[in-house]
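# Architecture and fold: a report
Each chain, letter by letter, is given below.
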Amino acid sequence: MSATFVQDGNSIDYTPEVFVAAGEVVVVGDLVGITKVDIPANVQGALSVAGVFEVPKVANMGVTFAVGARAWWDAVHRRAVHHDGGGFYQPLGKVVRAAGDADATVRVRLCPCTVTEQAATPSSSSSSSSSSSSSSSSSSSSSSSSSSSGT
């Protein structure tokens, strides 16, 4: 069977069980997306999984981000962090504007990748067991619809 184009992939269909306000960072399995508009409970909307967003970070506690650095999402404290928390935080993307200690936000280009995928390089064709362990742990069910609205 041949592949069929469904949508551009910059956003995905998402039906939340509760109201989600515009600008909320939403974690669905290993995928992190951000809502651009309010989505009522049980109504299909969209999560942006590509693009550049300014997201909260802790200020005045020694947390800085350099351009090109990876950022992860801490869903408990609802902020970007500069480490993976031992696998506890979800990959968010790459920093596109440096953020100093006093900054309360950081600008990030979303990357819908797992940590293993972000670390992989084209020359690592001989990788063995290291890439299969981290991505198999979060293959979760989501509330997302699989229709092809292309939103």
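Residues numbered from 1 in each chain as written. Predicted model: local features only at pLDDT ≥ 70, side-chain atom pairs only at ≥ 80, totals over all residues. Heavy atoms only, no water.

### Examining unusual backbone geometry
Phi is positive for N42, which is not a glycine, with a value near 60°. Tracing the chain through its elements places N42 in the loop between β3 (31-34) and β4 (45-48). Exposure remark for N42: the relative accessible area of 58% places this residue in the exposed category. If you check the backbone angles, N60 has positive phi at about 60° while not being a glycine. Topologically, N60 is positioned in the loop between β5 (52-56) and β6 (70-74). You can call N60 exposed: its relative accessible area is 57%. (Helix = DSSP H or I, 4+ residues; strand = E, 2+ residues; numbered from the N terminus. Buried < 20%, exposed > 50% of the residue type's maximum accessible area, 1.4 Å probe, protein only.)

### Concerning the packing of aromatic side chains
All told, the structure shown has one aromatic pair when counted by the stated rule. Aromatic side chains F88 and Y89 sit 5.5 Å apart centroid to centroid with 70° between the ring planes, which places their arrangement in the edge-to-face category. A relative accessible area of 54% means that F88 is categorised as exposed. Classification of Y89 by relative accessible area gives buried; the value is 16%. (Phe/Tyr/Trp six-rings, centres within 6.5 Å; stacked < 30°, edge-to-face > 60°.)

### Comments concerning the sheet that holds strand β9 (residues 105-110)
One open sheet accounts for five strands, arranged β5-β9-β8-β6-β7; its pairing is antiparallel. Here the strands that pair on one side only, and so sit at the sheet edges, are β5 and β7 (79-81). Adjacent strand axes in the sheet meet at a mean angle of 50° when their direction is disregarded. When β6 meets β7, the two strands line up antiparallel, connected through three bridges. Within the sheet, the bridge partner assigned to W72 lies in β7 and is V81. (Pairing = 2+ DSSP bridges. Axes fitted to C-alpha atoms, helices over the stretch in contact; angles between N-to-C directions.)

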